[in-house]
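A look at the structure
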Amino acid sequence: DVYFDIVLAENEEKVIYSSPIIPRGGRLEAVSLDEDLDAGTYDCVVIYHLVDEEQNTLSTLRVALKIIVEG
């Protein structure tokens, strides 16, 4: 199982999306950010967390992401 957070690259303390736990073979559809952003382009980081049965993080993977918010 996994979950992921999306943070701003310039301020990784600012989580703009936090997913629910996604079971193996699962997927998310129609994702909306947890925080409204002004129109613009944002450099972000997706932090994937691989978790065990008790939802303890076993490992993480960081991937760059660009979010474009149209006004």
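What this report covers is the structure whose coordinates are included nearby. (Residues numbered from 1 in each chain as written. Predicted model: local features only at pLDDT ≥ 70, side-chain atom pairs only at ≥ 80, totals over all residues. Heavy atoms only, no water.)

**Digging into the overall build of the chain**
Keep this limit in mind: Strands here are runs of E lasting at least two residues and helices are runs of H or I lasting at least four, both read from the DSSP assignment and numbered beginning at the N terminus. Burial here depends on accessible area, computed with a 1.4 Å probe over protein chains only, as a share of the maximum for the residue type. Under 20% is buried, over 50% is exposed, and the range in between is partly exposed. Counted as positive: Lys and Arg. Counted as negative: Asp and Glu. His and the chain ends are not counted at all. Taken as the charge centre is NZ of Lys, CZ of Arg, CG of Asp or CD of Glu, depending on the residue.
A tally of regular secondary structure across the chain gives 0 helices and 4 strands. The C-alpha extent of the chain, read off along each of the three principal axes, is 40 × 25 × 15 Å. Each of the 71 residues in the chain was classed as buried or not, and the buried ones make up 25%. Taken together, the 5 basic and 15 acidic charged side chains of the chain have centroids lying 6 Å from each other.

**Some details on the pattern of salt bridges**
Note the threshold: Any carboxyl oxygen of Asp or Glu that lies within 4 Å of a side-chain nitrogen of Lys or Arg is treated as forming a salt bridge with it.
For the structure shown, the criterion picks out 4 salt bridges. In this structure, the salt-bridge partner of E12 is R62, at a minimum N-O distance of 2.6 Å. Of this pair, E12 sits in strand β2 (residues 11-18) while R62 sits in strand β4 (residues 57-69); the two residues are 50 residues apart in sequence, bridging distant segments of the chain.

**Here's the deal with the nonpolar core**
The condition is simple: The nonpolar core is taken to be a set of buried Ala, Val, Leu, Ile, Met, Phe, Trp, Tyr and Cys residues, with the residues joined through side-chain atoms within 4.5 Å. Residue contacts follow a heavy-atom distance rule, with two residues in contact if any of their heavy atoms lie within 4.5 Å.
Membership of the largest hydrophobic core is limited to 10 residues, which are F4, I6, L8, I16, Y17, I22, L37, C44, V46 and I67. Of all elements in the fold, only β1 (2-8), β2 and β3 (40-51) reach the threshold of two or more residues within this core. Contact partners of L8, with chain neighbours within four places excluded, come to K14, I16, Y42, D43 and C44.

**A word on the packing of aromatic side chains**
The criterion, for reference: For Phe, Tyr and Trp, rings pair up if their centres lie within 6.5 Å, where Trp contributes its six-membered ring, and each pair is then called stacked (planes under 30 degrees apart), edge-to-face (over 60) or tilted (otherwise).
Applying the stated criterion to the full structure yields 2 aromatic pairs. Look at F4 and Y17: their rings are 5.6 Å apart centre to centre, the planes differ by 40°, and that puts the pair in the tilted class. Note that F4 is positioned in strand β1 and Y17 in strand β2, a separation of 13 residues in sequence. As far as the burial class goes, F4 and Y17 line up, both buried. The structure contains a cluster of three or more aromatic residues connected by ring pairs, namely F4, Y17 and Y48.

**Structural notes on the sheet that holds β1**
Inclusion rule: Pairing between two strands is assigned when DSSP locates at least 2 bridges connecting them. To define axes, lines are fitted to C-alpha atoms, for helices over the stretch in contact only, and angles between the resulting N-to-C directions are given on a 0 to 180 degree scale.
The antiparallel open sheet is built from 4 strands, whose spatial order is β2-β1-β3-β4. Across the chains shown, the open sheet's two edge strands, defined by having one partner strand only, are β2 and β4. Each strand of the sheet is rotated relative to its neighbour by a mean of 30°, with strand direction disregarded. One ladder, built from 12 bridges, connects β3 with β4; its direction is antiparallel. What sits directly across from V51, in β4, is T57.

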